[in-house]
Amino acid sequence: MNSSLVMDSSSENNSIVHLDEPILPDNITIIRTRNGSLQEGQMFLNTMSAQALSGIFVFSALLITCHQIYTHLRSYTVPNEQRYIIRILFIVPVYAFDSWLSLLFISNDQYYVYFDSIRDCYEAFVIYNFLSLSFEYLGGESAIMSEIRGKPIQSSCLYGTCCLVGMSYSIGFLRFCKQATLQFCVVKPTMAVITIILQAFGKYHDGDFNVNGGYLYITIIYNFSVSLALYALFLFYFATSDLLRPFEPVLKFLTIKSVIFLSFWQGMVLAILERCGVIPKALFIEGHEVGAGTVAAGWQNFITCIEMFFAAIALRYAFTCTVYQEKKNDVPESLPPMQSISSGLKETMNPGDMVQDAIHNFSPAYQQYTQQSTQEVTQPSANGKVATGNKNSRKSDKIMLITSDDEF
C-alpha cells in the first residue's frame with residue numbers, strides 16, 4: 001500500500017485524516033459514520049451490484065419508452081397534441097440515463113453535477129409541454145375562455161384558491177398559469193448554469209447549507225420557482241377539471257408531478273439526511289476525494305434509476321397511442337414510414353412554439369389577446385377531424401389573436 005491512513009482524535013472528538021503522498025489507492029473508500037468516526041470499506045453505491053441493478057431498470061425503462069415514442073411517431077396523426085406528448089415521454093430516457101451516468105461517475109470530482117444540469121433543463125421543458133398539451137386538449141386559449149370566462153373562482157384550501165375569493169376567471173388567469181410555468185423554464189436552466197460555475201470554483205456542494213456556499217441560495221430559488229409552477233398547474237386543473245375529464249387527466253397529472261416535483265424534494269430530503277448524519281458522508285470514494293452531498297446525490301440517482309422504470313409504465317398508460325392509431329387507419333399515408341417518423345421527430349424537437357408562446361405571454365402588446373389556433377376553425381375539437389399532416393398546416397397553429405378586455 002503506497003499510502004498510510006492515520007487517525008487522530010482531538011478534544012472535540014473530531015477525526016482528522018492524514019495522507020502521505022502519493023494519494024490513496026484506487027479501491028479505497030472512507031466514510032464518516034454518524035458518531036464522527038472514520039471507516040474504511042466498500043460503499044454499496046459504487047459496487048458492481050448497484051450499477052448493474054440500476055442499469056437493468058434503466059434499460060428496461062428505455063425500452064418501454066422508446067417503443068412508445070416510436071408508436072406515436074408511426075401514428076403521428078394529431079401533431080398539435082402528439083408533439084407535446086413525445087416531448088413529455090422523453091423525460092424517462094433523459095432522467096434514467098442521466099442518473100445512471102451520474103451513478104457510474106460518482107467518484108469523479110462530482111461530475112454528477114454536470115449530468116444533473118442537463119436533467120434540470122429538460123424537466124423545465126416538460127412542465128411547459130404538459131400545460132401546453134392541456135391547452136391543446138381543450139382547443140386553445142379562446143376555446144377555454146369561452147367555457148370559463150366570467151365564472152367565479154370557488155374557494156378551496158386544497159388547490160390554494162382561498163385567497164382568490166370574489167374573483168372570476170379571465171384571460172389574465174390563463175396568462176398567469178402560462179407565465180408561472182414559463183418562469184420555471186427560465187429559472188431552472190439559469191440555476192443549472194450557475195451551479196456549474198459555482199462547482200468549478202468549489203462553491204457548490206449538495207447538502208451544504210453553509211451561507212458561504214451556493215447550495216442554500218440555489219435551493220431557496222428552486223423551491224420558490226418550482227412551488228409557483230406547481231401552484232399554477234393546480235390552479236389550471238382546478239379551473240378546467242370538468243373540461244379535461246374526457247382526456248383522463250388525473251393519471252397524467254400525477255405521473256408528471258411525481259417525476260419532476262417529488263424527485264426534486266426527494267433529492268433535497270436526502271441531502272438534509274446526509275447533513276444530519278443519517279446518511280454516512282464519504283470523504284474518499286475509490287481513492288478520489290469527494291465533497292459534501294456526494295453520497296446523498298448518489299442515492300438520489302440510484303433511486304431515480306429504479307423509479308424511472310415505474311414512471312415509464314405509468315406514462316405508457318397515461319399517454320396511450322391507441323386513439324391516434326385509430327385515426328391513422330382513416331387517413332392514407334402520404335409519406336414513406338421512415339420519412340414520416342423522421343419528419344415527426346424533427347418537428348417535435350423544434351422549440352420554436354415555446355419561444356413564440358413566451359413572447360405572447362410576456363409581451364405587454366399581447367396581454368389582452370387570446371390565441372386561437374387554425375385547428376379550431378376547421379375542426380370541432382382537438383380530438384375531432386384528423387389533421388392532414390401537411391407541413392404548412394403544422395406551422396400555422398396559434399396565429400390568430402382575439403381581443404379580450406378582462407383582466408385577472
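Residues numbered from 1 in each chain as written. Predicted model: local features only at pLDDT ≥ 70, side-chain atom pairs only at ≥ 80, totals over all residues. Heavy atoms only, no water.

**Some remarks on the overall build of the protein**
Stated formally: Comment: elements are numbered from the N terminus, with helices defined as DSSP H or I runs of at least four residues and strands as E runs of at least two. Residue exposure (1.4 Å probe, protein chains only): buried if accessible area is under 20% of the type maximum, exposed if over 50%, otherwise partly exposed. For this analysis, residues touch if any pair of their heavy atoms sits within 4.5 Å. Only the protein chains shown count as cover for residues, and all accessible areas are computed by the Shrake-Rupley method using a 1.4 Å probe.
Each helix and strand counted, the protein has 14 helices and eight strands in total. Buried residues in the protein amount to 51% of all 408 residues. The contacts in the protein between residues at least 6 apart in sequence include a share of 76% that link residues at least 24 apart. When the accessible surface of the protein is totalled, it reaches about 19200 Å², and 62% of it is carbon and sulfur.

**Structural notes on the pattern of salt bridges**
Spelled out, the test is: Within this document, salt bridges are pairs made up of a side-chain nitrogen of Lys or Arg and a carboxyl oxygen of Asp or Glu, the two lying within 4 Å of each other.
Tallying each qualifying case throughout the model produces four salt bridges. A salt bridge links E123 to K188; the nearest nitrogen and oxygen atoms lie 2.7 Å apart. One end of the pair, E123, is in helix α4 (residues 112–137); the other, K188, is in helix α6 (residues 171–200), and 65 residues separate them in sequence. Its relative accessible area of 4% is what places E123 among the buried residues. Of the charged contacts, one joins R175 and E141 as a salt bridge, the two residues approaching to 3.2 Å between their closest N and O atoms. Highlighted residues: R175 in helix α6 and E141 in helix α5 (residues 141–148), separated in sequence by 34 residues. Assigned by exposure class, R175 and E141 land together as buried.

**Digging into the environment of W100**
Here W100 is to be found in helix α3 (residues 91–104). A C-alpha to C-alpha distance of 6.7 Å links W100 and N301, two positions 201 residues apart in sequence.

**Looking at helix α2 (residues 79–89)**
With 11 of its 11 residues buried, α2 lies for the most part within the structure. Residues P79, N80, E81, Q82, R83, Y84, I85, I86, R87, I88 and L89 constitute the buried set of α2.

**Let's talk about helix α8 (residues 249–276)**
The condition that has to hold: Under the convention used throughout, the expected extent of a helix is 1.5 Å for every residue step, that is, one less than its residue count. In this scheme, the bend at a residue equals the angle between the axes fitted to the seven residues that finish there and the seven that begin there.
Helix length check: α8 (28 residues) gives 39 Å between terminal C-alpha atoms against 40 Å at 1.5 Å per residue, within 8%. Of all the bends in α8, the greatest, near 40°, is centred on S258. Trailing α8 by a residue or two, G277 shows a phi angle of about 90°, which is positive.

**Comments concerning the nonpolar core**
Where we set the bar: As used here, the term nonpolar core means buried Ala, Val, Leu, Ile, Met, Phe, Trp, Tyr and Cys residues forming a set that is joined through side-chain atoms within 4.5 Å.
Counting 82 residues, the largest nonpolar core has I91, L174, F236, I260 and F319 as the members making the most contacts within it. Those residues in contact with F236, other than ones at most four positions away along the chain, are L131, S134, F135, L138, I144, F173, L174, C177 and L244.

**Some points on unusual backbone geometry**
Here the phi dihedral of E248 falls at roughly 50°; this positive angle occurs in a residue that is not glycine. Relative to the elements of secondary structure, E248 occurs in the loop between α7 (215–244) and α8. For E248, a relative accessible area of 58% translates into the label exposed.

**Observations concerning the packing of aromatic side chains**
For clarity, the cut-off: Stacked, tilted and edge-to-face pairs are distinguished by plane angle, under 30 degrees for stacked and over 60 for edge-to-face with tilted covering the rest, among Phe, Tyr and Trp rings (Trp via its six-membered ring) whose centres lie within 6.5 Å. In this analysis the charged atom, NZ for Lys or CZ for Arg, is taken to sit over a ring once it is within 6 Å of the ring centre and within 35 degrees of the ring normal.
In total, this model carries 18 aromatic pairs according to the counting rule given. Judged by centre distance (6.4 Å) and plane angle (75°), the ring pair of F176 and Y231 falls under edge-to-face. With a gap of 55 residues between them, F176 in helix α6 and Y231 in helix α7 connect regions that are remote in the sequence. The exposure class assigned to Y231 is partly exposed, which follows from its relative accessible area of 25%. Counting every residue linked through ring pairs, the aromatic cluster contains F130, F234, Y237 and F253. Above the plane of the ring of F135 lies K178, whose end atom (NZ or CZ) is 4.4 Å from the centre.

**Some words on a nonpolar patch on the surface**
Here is the rule: Residues with no salt bridge and a relative accessible area higher than 30% make up the patches, which join like charges within 9 Å and nonpolar side chains (Val, Leu, Ile, Met, Phe, Trp, Tyr) within 5 Å.
Together, L251, F310, I313 and Y317 make up an exposed nonpolar region whose accessible area comes to about 420 Å². Sorting elements by how many residues they give to the nonpolar patch places helix α9 (residues 294–318) first, with three residues. Counting through the fold element by element, Y317 comes out in helix α9.

**Looking at the packing of helix α1 (residues 48–74) against α3**
Condition: Angles run from 0 to 180 degrees between N-to-C directions of axes, and those axes are lines fitted to C-alpha atoms, restricted for helices to the stretch in contact. The cut-offs work like this: below 35 degrees is roughly parallel, past 145 is roughly antiparallel, 65 to 115 is roughly perpendicular, and the gaps in between are oblique. When the near helix sits turned anticlockwise from the far one by under a right angle, the crossing is termed left-handed; a clockwise turn instead gives a right-handed crossing. Asp, Glu, Lys and Arg are counted as charged, while Ala, Val, Leu, Ile, Met, Phe, Trp, Tyr, Cys and Pro are counted as nonpolar; the rest, among them Gly, fall into the polar class.
Following both chains from N to C, one finds α1 and α3 inclined at 165°, their axes separated by 9 Å at the closest point. Between α1 and α3, the angle falls in the class roughly antiparallel. Handedness of the crossing formed by α1 with α3: left-handed. Taken together, the residues of α3 that come into contact with α1 (itself represented by A50, Q51, S54, G55, V58, F59, A61, L62 and T65) are V92, P93, A96, F97, W100, L103 and L104. The residue inventory of the contact of α1 with α3, partitioned by class, reads 12 nonpolar, four polar and no charged.

**Focus: the environment of D116**
The residue D116 is located in helix α4 in this model. A relative accessible area of 12% places D116 in the buried class. With 14 residues separating them in the primary sequence, D116 and S102 have C-alpha atoms 7.6 Å apart. Look past the residues within four positions of D116 in its chain and what remains in contact with it is D98, S102 and N301.

**Description of the packing of α2 against α4**
Where α2 meets α4, the axes come as close as 9 Å, and the angle between the chain directions of the two elements is 150°. Looking at the two axes, α2 sits roughly antiparallel to α4. For the pair α2 and α4, the crossing hand works out as left-handed. Along its contact with α2, which presents N80, E81, Y84, I85, R87 and I88, the element α4 presents Y122, F125, V126, N129, F130, S132, L133, E136 and Y137. Taken together, the residues of the contact of α2 with α4 break down into nine nonpolar, three polar and three charged.

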